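One letter stands for each residue in the lines below.
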Amino acid sequence: MAKIKGKEVGTGPVNFRSPTVAIRLKWVVLWYCMRAVIRVAGWLIRHPLFVIVPLLGLKAHQLWTGGEAWLVIATAAVPATGLAGWRWRWPDSFAQRVVWRIRGSRRRFLEYRTRWDTTMRALNLTVRLDDRTYVPRIIKVRSSGTVDQVTVRLLPGQILTDYAEHSERLARTFGAEDCRVRSAASMIPAWWPGGVEGWMARLFGWALPRRSDRLVLWFLTNDPLREVVAPIPAADPPNLHALDVARREDGLMFRLRLLYTHLLVAGATGAGKGSVLWSIIAALGPGIRSGLVQLWVLDPKGGMELALGRRLFHRFCYGSDPAMDGASDAEYEEAFATLLEDLVAIMRRRQGKLRGFSRLLRPSLDEPFIVLIADELASLTAYITDPAMKKRIAKAFSLLLSQGRAVGITVVGALQDPRKEVLPFRDLFPTRLALRLAEAEQVRLVLADGARERGARCDKIPETLPGVGYVAVDGETEPIRVRFSHITDEDIADLVDTYAPDLVGAREHIPTPEGVAA
């Protein structure tokens, strides 16, 4: 009979099964004893602290009673100093490797051990084979204080969706605010620099176990994203593969990769799209000051959202205000088309320079990393009245989104309505962020099919939590819940005073049309 890696639960107080082969009792007892010894030895190898700590305690007691207390204190000071240094130098790593495991062991014993079997049977997440019932086994529990990460071994025939369908019931049963189901195969430690795209993942990701038979249940026990996130200090120089821009729901920092990708931000009115854009600008501040980063900014709302930071921008276009500048609608729309076409020209020049030498541009002071920020994308795609201008803008956006990443040009776009009728080139954004949305169907449009079932219920985000959303990265199945910094007008003024370049302008001069500030 096949062996199932699950926890066997009897169907009654006593279960009888007739043996098919007669074996002497002494051999049966010997077999069970040997198996028990092997299992205990294997468990101790996987958990060496349960052997080392008692032995050290016994030795410390002998030395203490033998009059050598100073030796015990000196010996204990060495690991204590090491742990203190670890916590001070790498707090995220210390939290995940030490604190989370200790807290998780306590939570596993007090919260999950007593109700797990009953819950699995009530939700029909068990497998019955002959006269035996198997329950999914909890492998480990890690707790950050805000999120319990419960790793579960799947039974044969089970998939991630089976648990996602019962996520709300699991959350209520174990006293959590929410429950999200994540694949254990895609779990990269959050403290690794750059996450799944960082240098540690590229060097050591192959060594991580690929367990397709496991999943991780994220139980949100205490939501840290209720609190407003203060502006996050920017790293100097900025790590374009891992910008600190938001706080994750497990309390760690969310690091956004911006180089060689594009970002789409979707959210209803008041959902916090401005917080996302200004958090990114703040993280890029040191690079703007040094000339490593250039911001090209489109603000179709007449400059109302982003004009406070115009000294930080290499190019800034708000169109033209017909009431103040006397410009027509065609001139207003042409200003945006001209800026986009100028950026396409730079992209073409860089492609010609790299052709035959390299497939990726490495940003430098001579060839800086260019970030095109476009607020209210619908005003540049669906709401343009002149067909010729609409075609020019759509063509420029399509070229930049399909070819700009390799030459160091990234597009960050924000909009309210994510339908294809509004944004035809929506699928060209590899990284997507969904803030509060008006409808459940929009979650699928922004993130991916099944994202809402896996916990990204963007339509349920309350209006009192602006800046809270779910990030989906191309190649990863589970979205990440984060909250971006709240940037006030005073914070923007400080950013401008701190990071505005001494010389406003570019190394390669491009004529500035009406409504565009260089």
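Before reading further, recall that the structure is shown in the block above.
Every chain is numbered on its own, with residues counted from 1 as its sequence reads. The predicted origin of the model limits local features to residues at a pLDDT of at least 70 and limits the giving and counting of side-chain atom pairs to 80 or more, whereas totals for whole chains, interfaces and linings rest on all residues. Values reported for side chains reflect all heavy atoms of the structure, with hydrogen atoms and water molecules removed beforehand.

With that settled, consider a nonpolar patch on the surface. The grouping of Val40, Trp43, Leu44, Val51, Ile52 and Leu56 at the surface amounts to a nonpolar patch, some 490 Å² of accessible area in total. Taken together, the elements giving at least two residues each to the nonpolar patch come down to helix 1 (25-46) and helix 2 (49-65). Put simply, DSSP H or I for four residues or longer makes a helix, DSSP E for two residues or longer makes a strand, and each gets a number counted from the N terminus. Within the secondary structure, leucine 44 is located in helix 1. Exposure is judged per residue with a 1.4 Å probe applied to protein chains only, and the accessible area is read against the type maximum: over 50% gives exposed, under 20% gives buried, and values in between give partly exposed. Judged by its relative accessible area of 30%, leucine 44 falls in the partly exposed class. Each patch is built from residues that are more than 30% exposed by relative accessible area and take part in no salt bridge. Like charges join if they lie within 9 Å; nonpolar side chains (Val, Leu, Ile, Met, Phe, Trp, Tyr) join within 5 Å. For accessible areas, the Shrake-Rupley method is used with a probe of radius 1.4 Å. Any residue's cover is judged against the shown protein chains and nothing else. By convention in these notes, a salt bridge is any Lys or Arg side-chain nitrogen within 4 Å of a carboxyl oxygen on Asp or Glu.

What follows covers unusual backbone geometry. Residue aspartate 236 is joined to proline 237 through a cis peptide bond whose omega torsion reads 0°. Looking at the element boundaries, proline 237 is found in the loop between strand 7 (214-220) and strand 8 (243-248). Despite not being glycine, asparagine 124 has its phi angle at roughly 60°, a positive value. Mapping asparagine 124 onto the fold places it in the loop between helix 5 (116-122) and strand 2 (127-129). Residue asparagine 124 is classed as exposed on the basis of its relative accessible area of 61%. One non-glycine residue, glutamate 376, adopts positive backbone phi at about 50°. Topologically, glutamate 376 is positioned in the loop between strand 13 (369-374) and helix 13 (378-381).

Right, let's talk about the pattern of salt bridges for a bit. Scanning the entire structure with this criterion turns up 26 salt bridges. Across the salt bridge formed by arginine 107 and glutamate 111, the nearest N and O atoms sit 3.7 Å from each other. With arginine 107 and glutamate 111 both in helix 4 (residues 91-112) and 4 residues apart, the pair spans about one turn of that helix. The partner of aspartate 178 in a salt bridge is arginine 457, with the nearest N and O atoms 2.4 Å apart. In this pair, aspartate 178 is assigned in strand 6 (residues 178-183) and arginine 457 in the loop between helix 15 (440-446) and strand 16 (468-473), connecting sequence segments 279 residues apart. Residues aspartate 178 and arginine 457 agree in their burial class; the two are buried. Connected through salt bridges with shared partners, the residues Asp178, Arg180, Asp223, Glu249, Arg457 and Arg481 form a single ionic network.

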